[in-house]
Amino acid sequence: MSNKFIGKSVKRVEDKRFITGRGRYTDDIVLPGMTYAYILRSPYAHARIKSIDTSAAEAMEGVVTIMTGEEVGHYGVPCGWQVNFKNGDTMKEPPHPLLVKDKVRHVGDAVAMVVAESRELAQDAAEAIIIDYEVLPAVIDASKAVEEGAPLVHEDVPNNICFDWEIGNPKEEVDAAMASASHITTLEFVNQRLAPNAMEPRSYIGQYDSVYDKYTLYTSTQNPHLIRLLMCAFVLGLPEHKVRVVGPDVGGGFGSKIYHYTEEALVTLASKKIGRPVKWTETRSEAFLTDAHGRDHVTKAEMGFDADGKIVGLRIKTFANLGAYLSTFSTAVPTYLHGTLLQGLYTTPKIHLDMTCVFTNTTAVDAYRGAGRPEATYLLERLLDLSALEMGVDPTELRLKNFIPAFDGVTQPGYQTNVALQYDSGNYHGVLQRGLEMLGYEDFRKAQAEAATTNKLLGVGFSTYIEACGIAPSAVVGSLGARAGLYEVGQVRVQPTGKVSVFTGAHSHGQGHETTFAQVVADRLGIPMEDVDIVHGDSDTVAFGMGTYGSRSLAVGGSAIVKSLDKIIEKGAKIAAHKLECSVDDIEFIDGKFTVKGTDKSLGFGDIALTAYVPHVYPANLEPGLDFSSFYDPTNFTYPFGCHIAVVEVDKETGTTKIKRFIAVDDVGNVINPMIVDGQIHGGLAQGIGQALFEGVEYDENGQIINASYMDYTMPRADDFPMFELDRQVTPCPHNPLGVKGAGEAGCIGSTPAVTNAVIDALWSVGHKVKDIRMPLTSERVWRAMQS
Amino acid sequence: MPKITVTVNGTSHTSEVEGRLLLVHYLRDTLHLTGTHVGCDTSSCGACTIHLDGKAVKSCSMLAAQADGSTITTIEGLATGNELHPLQEGFKEEHGLQCGFCTPGMIMCAADLLSHNPNPSEQEIREGLEGNICRCTGYHNIVRAIQYAANKSLVVSE
Ligand code: FES
Ligand code: FES
């Protein structure tokens, strides 16, 4: 153990290749004899396929093969999480074929794949495929899809309901609590559909090697092993030991690259069929149609208060849109990743969520940065600020009154919520108080009163959030329907020279694992960071893994590495004791040296490594070598929390909203690299503020996305933000060895309601008592709200 | 097929190109300079930004044939030998990148910005990045990376 790197803003090891243009993303890879695939997609949201004629296309120059649903339609991608109806029936799980042969169910549904000598030739040929469609009426909105007579996305799914579901206290108890309330705040709102928009479009290369009968799939994924497992065991029936999946450098994921997509299986099949590598890379427009979207909830929520302002109950009805097919984790998002967070930071005694998950003729919806937890936070934090306005009390005092008291999870027990989870540790008052200090709350209210007499209104919005990260204890998620374990694997191989290779099942696509993990390893072993190499993303080199999502990499993946490091040190101590001729209990490992306690007799880490591989003077009954692999399965989720405060300026004439300040005080447990953690928060804030002010996938009534490009979908840009004001508090996680909680999603979870609350606050400051403005809060919507 | 001659990162290349081939695909597929990325199909993201005759351009918005006779610098040609360009250094020092996909375009765009305005204000930097999207960083540290490079270049030139 040494203390050189942990807690320090060490510059990133991985940067060199990216800043010099030498990153290696999937689309950068060229294999000998490689061909290119183009996928022909449905232009209709809902249509029966009457015929497909590929003959003209087959005859075109450069075409190698064309695949349709006739050939591969019996293969389909699975859903990884089973949720049951309230009555115990299994959810409806219609097939999601690799290529559709009977009926297309959303714009972008895949109908045929052309493989040709070049991208352009493949596209030319696809345009020559003739498909006769019979267009059917489409259903887009989840709350409408359940109505009698709505078009059916899947004929065998009545009312388009995949399942209904509930969580919390018995409904009657919540109804009784609400009946006793002296004030009820009611909010009907939409948490709009978002496109994740990782900057690297999805890209896959299938390669079949007939000599070794082995498949390789290069894929822009967040979890190569999971893709291998799903594709081999549940889609194509390939032997797993004959399939290698590589996730090289990946240009962002935000959830959208967790899932097993049909195109991964298609390029794999095609490469076997033609005996040549097949590359497919989507265009950005295609990404809008096919990468799983996020959010899309329609909600009515009510929060009841007693005369003292204590919350007495929370009652919610939500329709969640799942799109046309079930994406890998789609069913977990509106349920176990959402309903379980509705306690928030508050002592709310009675909570009930009634959830209906619905199929529509739209792109599949799955986890997008935060995944269910931003929706829970938006609901709660909007209700808190709106309730304060309605009751004429201060929103921060209302929170302080209702916060769960601080607990460390060590000397005090965890906090058992009414929605299944048990929080590990928290100090919720602390983050709010720090946020208020940074804001200068009293001065702000004075400035706001002055601004109310001008054309530039000021508003402040608060959001005190909690999230469940470090996903996840396998037994817990298994009992809730997960069809996978959610442990992580970490192998530490000490080379004979004392250099260290670490193999992690976590996957870095921007998070900086090559740096953070190396900091942990270097400190634990007391060696320089240059002596540590972090290997990830290849199923042939890394034993197994579950990948990166749900802010889990350090909390779960890092803990697996620590377990292996402990085994290395334990074995090293035995070797040292033998060489130093003392009892192993007398050995201590400090600063990279195995020392006999109370003496100056010691051996360096490198000496012990060499001895392990050249075991001439060596303990009897001890195996040579210094190489350990560990699986770490967490005992609980981790629970980061924080306070986000938005200060906005709203132009009274135009409705334009400008973020003047954004304050974020986050408690993500212990921090290994503050620079990287801050970067994660910054990125999350931009996405969360983006949802509030700019972003949203808009469908027309025919199921066409009317903003499926960067021309039309408003991505946040550099001049949309001020410099963010960040601070941190540290409440260590009591149940993992590093005490870390996870920071990847916090920014995105906390920030969105703070912005909407701030705009609403600005409007109330001049007497426009609006309850809600639909996100994104465009100038038109804000302006209209001020006219009412 | 049209024949073009271009000088890329100091090396002259003569190639026959299909009329419809975009410059970005010429750089990536023909010359294997894959540091220049494709993030969109509407010239909106800036991931493909390069320097053409000293000016930042989005290489997805022009044909390879149109580049005939020009001098091009891509991200691979920005450093001088082993010495990083101040912007490359700034992005590393200030954590201006996460996944790295937007980074080459950001750096090439920022280099153009600094060549016109060596000491930009924060607002000028933010406005200068209007044509480039980053989904990871929230731009905060990209702004700081460019400020770092501006400060460093000013010190060097004083
Ligand atoms: S790829 Fe050129 S601007 Fe997006
Ligand atoms: S660093 Fe990932 S898009 Fe900018």
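1. Section: the overall build of chain A
Link 1 in the chain: For chain A, the count of helices and strands is 20 helices and 28 strands.
Link 2 in the chain: A globule of 788 residues ought to have a C-alpha radius of gyration of about 28 Å, and chain A, at 27 Å, matches this closely.
Link 3 in the chain: In terms of its C-alpha atoms, chain A occupies a principal-axis envelope of roughly 85 × 75 × 50 Å.
Link 4 in the chain: In chain A, which comprises 788 residues, the share counted as buried stands at 66%.
Link 5 in the chain: Split by element, the accessible area of chain A, about 26100 Å² in all, is 51% carbon and sulfur.
Link 6 in the chain: Seen as two clouds, the 71 positive and the 98 negative side-chain charges of chain A have centres 2 Å apart.

2. Observations regarding the nonpolar core
Link 1 in the chain: Core analysis: the biggest nonpolar cluster contains 238 residues, and Phe-662 of chain A together with Phe-91 of chain B have the highest contact counts within it.
Link 2 in the chain: Ignoring any residue separated from it by four or fewer positions in sequence, one finds Phe-91 of chain B in contact with Asp-15 and Ile-19 of chain A together with Gly-96, Leu-97, Thr-103, Met-106, Ile-107, Ile-142, Ala-145 and Ile-146 of chain B.
Link 3 in the chain: The next biggest cluster of nonpolar side chains, apart from the first, holds 47 residues, and it includes Val-492, Leu-525, Ala-555 and Ala-609 of chain A.

3. Points about the state of the cysteines
Link 1 in the chain: Per the stated rule, a full pass over the model turns up 0 disulfides over all chains.
Link 2 in the chain: Counting only cysteine sulfurs, Cys-469 of chain A is the nearest neighbor of Cys-733 of chain A, a cysteine outside any disulfide, at a range of 11 Å.

4. Points about the interface of chain B and chain A
Link 1 in the chain: Every contact between the two is made by 48 residues of chain B and, on the other side, 53 residues of chain A.
Link 2 in the chain: Summed over both sides, the interface between chain B and chain A buries roughly 4400 Å², with carbon and sulfur atoms accounting for 55% of that surface.
Link 3 in the chain: At the boundary of chain B with chain A, the tally comes to 5 salt bridges.
Link 4 in the chain: Between Arg-28 of chain B and Asp-27 of chain A there is a salt bridge; the shortest N-O distance is 2.8 Å.
Link 5 in the chain: Here chain B and chain A share 27 residue pairs in polar contact (both at pLDDT 80 or more) between them.
Link 6 in the chain: Listing elements by their share of the side of chain B that touches chain A, those giving two or more residues are helix 1 (23-30), helix 2 (86-93), helix 3 (103-116), helix 4 (122-128) and helix 5 (140-157) of chain B.
Link 7 in the chain: Class assignment of the residues belonging to the side of chain B that touches chain A gives a composition of 16 nonpolar, 19 polar and 13 charged.

5. With respect to helix 12 (residues 428-439) of chain A
Residues and elements named next belong to chain A.
Link 1 in the chain: Look at helix 12: 17 Å from first C-alpha to last across 12 residues, which is about the 16 Å you get at 1.5 Å a residue.
Link 2 in the chain: When helix 12 is considered as a whole, its buried residues turn out to be Tyr-428, Gly-430, Val-431, Leu-432, Gly-435, Leu-436, Met-438 and Leu-439.
Link 3 in the chain: With a side-chain oxygen positioned 3.1 Å from the backbone nitrogen of Gly-430, the residue opening helix 12 is Asn-427.

6. Notes on the domain arrangement of chain A
All names here are of chain A.
Link 1 in the chain: Split into domains, chain A comes out as domain 1 (31-136 + 200-251 + 257-290), domain 2 (366-471 + 637-787) and domain 3 (487-632).
Link 2 in the chain: Between domain 2 and domain 3, the residue contacts involve 20 residues of the former and 18 residues of the latter.
Link 3 in the chain: Both faces considered, domain 2 and domain 3 share a buried interface measuring about 1300 Å² in area, 61% of it formed by carbon and sulfur atoms.
Link 4 in the chain: For domain 2, the biggest contributors to the area lost against domain 3 are Ile-471, Ile-672 and Leu-738; these three give 38% of the whole.
Link 5 in the chain: Counting every contact that joins domain 2 to domain 3 gives 0 salt bridges.
Link 6 in the chain: Scanning the region where domain 2 abuts domain 3 turns up 8 residue pairs in polar contact (both at pLDDT 80 or more).
Link 7 in the chain: A per-class count over the side of domain 2 that touches domain 3 returns 8 nonpolar, 8 polar and 4 charged.

7. Side note on the pairing of strand 23 (residues 593-596) of chain A
Regular strands have side chains that alternate between both faces of the sheet.
Residue and element names in this part refer to chain A.
Link 1 in the chain: In this sheet, strand 23 lies alongside strand 22 (residues 587-590) in antiparallel orientation, the contact comprising 4 bridges. Across the sheet, residue Ile-587 finds its bridge partner in strand 23, namely Val-596.
Link 2 in the chain: A loop of 2 residues connects strand 22 with strand 23, the two strands running antiparallel in sequence, and Asp-591 in this loop sits at a positive phi of about 50°.
Link 3 in the chain: Pairing geometry for strand 23 and strand 24 (residues 602-604), over 3 bridges, is antiparallel. Across the sheet, the residue bridging to Thr-595 is Ser-602, located in strand 24.
Link 4 in the chain: Joining the antiparallel neighbours strand 23 and strand 24 is a turn of 5 residues, in which Gly-598 adopts a positive phi near 75°.

8. What about the packing of helix 18 (residues 674-693) of chain A against helix 19 (residues 746-764) of chain A?
Residue and element names in this part refer to chain A.
Link 1 in the chain: Contact geometry of helix 18 with helix 19 gives a least axis separation of 7 Å together with a crossing angle of 35°. In terms of crossing hand, the pair formed by helix 18 and helix 19 is right-handed. Between helix 18, through Ile-681, Gly-684, Leu-685, Gln-687, Gly-688, Ile-689, Gln-691, Ala-692 and Leu-693, and helix 19, the contact on the second element is made entirely by Ala-746, Gly-747, Cys-748, Ser-751, Thr-752, Val-755 and Thr-756.
Link 2 in the chain: A per-class count over the contact of helix 18 with helix 19 returns 8 nonpolar, 8 polar and no charged.

9. Side note on the pattern of salt bridges
Residues and elements named next belong to chain A.
Link 1 in the chain: Tallied over the entire structure, the rule returns 55 salt bridges over all chains.
Link 2 in the chain: As a salt-bridge pair, Glu-286 and Arg-41 come within 2.8 Å of each other at their nearest N and O atoms. Placement of the pair is Glu-286 in helix 9 (residues 284-290) and Arg-41 in strand 1 (residues 35-41), with a sequence separation of 245 residues.
Link 3 in the chain: In this structure, Glu-71 engages Lys-273 in a salt bridge whose closest nitrogen and oxygen atoms are separated by 3.0 Å. You can see Glu-71 sitting in helix 3 (residues 69-72) and its partner Lys-273 sitting in helix 8 (residues 262-274), a full 202 residues away along the chain.
Link 4 in the chain: The partly exposed category is assigned to Glu-71, whose relative accessible area is 33%.

10. Some points on the sheet that holds strand 22 of chain A
Residues and elements named next belong to chain A.
Link 1 in the chain: Strand order in the open sheet made by the 3 strands is 22-23-24, with antiparallel pairing throughout. Looking at strand neighbours, the two that pair on one side only are strand 22 and strand 24, the edges of this open sheet. This sheet shows a mean twist of 20° between the axes of neighbouring strands, independent of strand direction.

11. Here's the deal with the packing of aromatic side chains
One pair of aromatic rings is described through two measures. These are the centre distance and the angle between the planes.
Residues and elements named next belong to chain A.
Link 1 in the chain: Overall, the coordinates contain 26 aromatic pairs over all chains when judged by the stated rule.
Link 2 in the chain: Taking the centre distance of 4.8 Å and the plane angle of 90° together, the rings of Tyr-428 and Phe-641 count as edge-to-face. Highlighted residues: Tyr-428 in helix 12 and Phe-641 in strand 26 (residues 641-651), separated in sequence by 213 residues.
Link 3 in the chain: Overall, the relative accessible area of 0% leaves Phe-641 in the buried class.
Link 4 in the chain: Where Phe-589 meets Phe-594, the ring centres are 4.3 Å apart and the plane angle is 35°; that geometry is what we call tilted. Comparing Phe-589 with Phe-594 shows no difference in burial state: the two are buried.
Link 5 in the chain: Taken together, the aromatic side chains of Tyr-346, Phe-403, Phe-407, Tyr-415, Tyr-423, Tyr-428, Tyr-639 and Phe-641 make up a single cluster linked through ring pairs.
Link 6 in the chain: Across from the ring centre of Tyr-261, 3.8 Å away, lies the NZ or CZ of Arg-202, which sits over that ring.

12. Here we look at the domain arrangement of chain B
All names here are of chain B.
Link 1 in the chain: Taken domain by domain, chain B comprises domain 1 (3-77) and domain 2 (86-157).
Link 2 in the chain: For domain 1 and domain 2, the distance between their C-alpha centroids amounts to 21 Å.
Link 3 in the chain: Between domain 1 and domain 2, the residue contacts involve 18 residues of the former and 13 residues of the latter.
Link 4 in the chain: In total, domain 1 and domain 2 occlude about 1200 Å² of area from one another, counting both sides; carbon and sulfur atoms represent 62% of this.
Link 5 in the chain: Looking only at domain 1, the three residues that lose the most surface to domain 2 are His-37, His-51 and Ile-75, adding up to 40% of its buried area.
Link 6 in the chain: Applying the counting criterion to the domain 1 and domain 2 interface returns 0 salt bridges.
Link 7 in the chain: Summed over the shared surface of domain 1 and domain 2, the result is 6 residue pairs in polar contact (both at pLDDT 80 or more).
Link 8 in the chain: Elements with a minimum of two residues in the side of domain 1 that touches domain 2: strand 3 (49-52) and strand 4 (55-58).

About the thresholds
- Residues numbered from 1 in each chain as written.
- Chains lettered and ligands numbered in written order.
- Predicted model: local features only at pLDDT ≥ 70, side-chain atom pairs only at ≥ 80, totals over all residues.
- Heavy atoms only, no water.
- Helix = DSSP H or I, 4+ residues; strand = E, 2+ residues; numbered from the N terminus.
- Rg over C-alpha atoms; globule rule 2.2 N^0.38 Å.
- Buried < 20%, exposed > 50% of the residue type's maximum accessible area, 1.4 Å probe, protein only.
- Areas by Shrake-Rupley, 256 points an atom, 1.4 Å probe, with all protein chains shown as cover.
- Lys, Arg positive; Asp, Glu negative; His and termini not counted.
- Charge placed at Lys NZ, Arg CZ, Asp CG, Glu CD.
- Core = buried A, V, L, I, M, F, W, Y, C linked by side-chain atoms within 4.5 Å.
- Contact = heavy atoms within 4.5 Å.
- Disulfide = S-S within 2.5 Å.
- Buried area = accessible area lost by both parts, 1.4 Å probe.
- Salt bridge = Lys/Arg side-chain N within 4 Å of Asp/Glu carboxyl O.
- Polar contact = N/O pair within 3.5 Å; in protein donor to acceptor, adjacent residues only side chain to side chain.
- Nonpolar A, V, L, I, M, F, W, Y, C, P; charged D, E, K, R; others polar.
- Expected span 1.5 Å × (residues − 1).
- Domains from an automatic or database assignment.
- Pairing = 2+ DSSP bridges.
- Axes fitted to C-alpha atoms, helices over the stretch in contact; angles between N-to-C directions.
- Left-handed = near helix turned anticlockwise from the far one by under 90°.
- Phe/Tyr/Trp six-rings, centres within 6.5 Å; stacked < 30°, edge-to-face > 60°.
- Lys NZ or Arg CZ within 6 Å of the ring centre and 35° of its normal.

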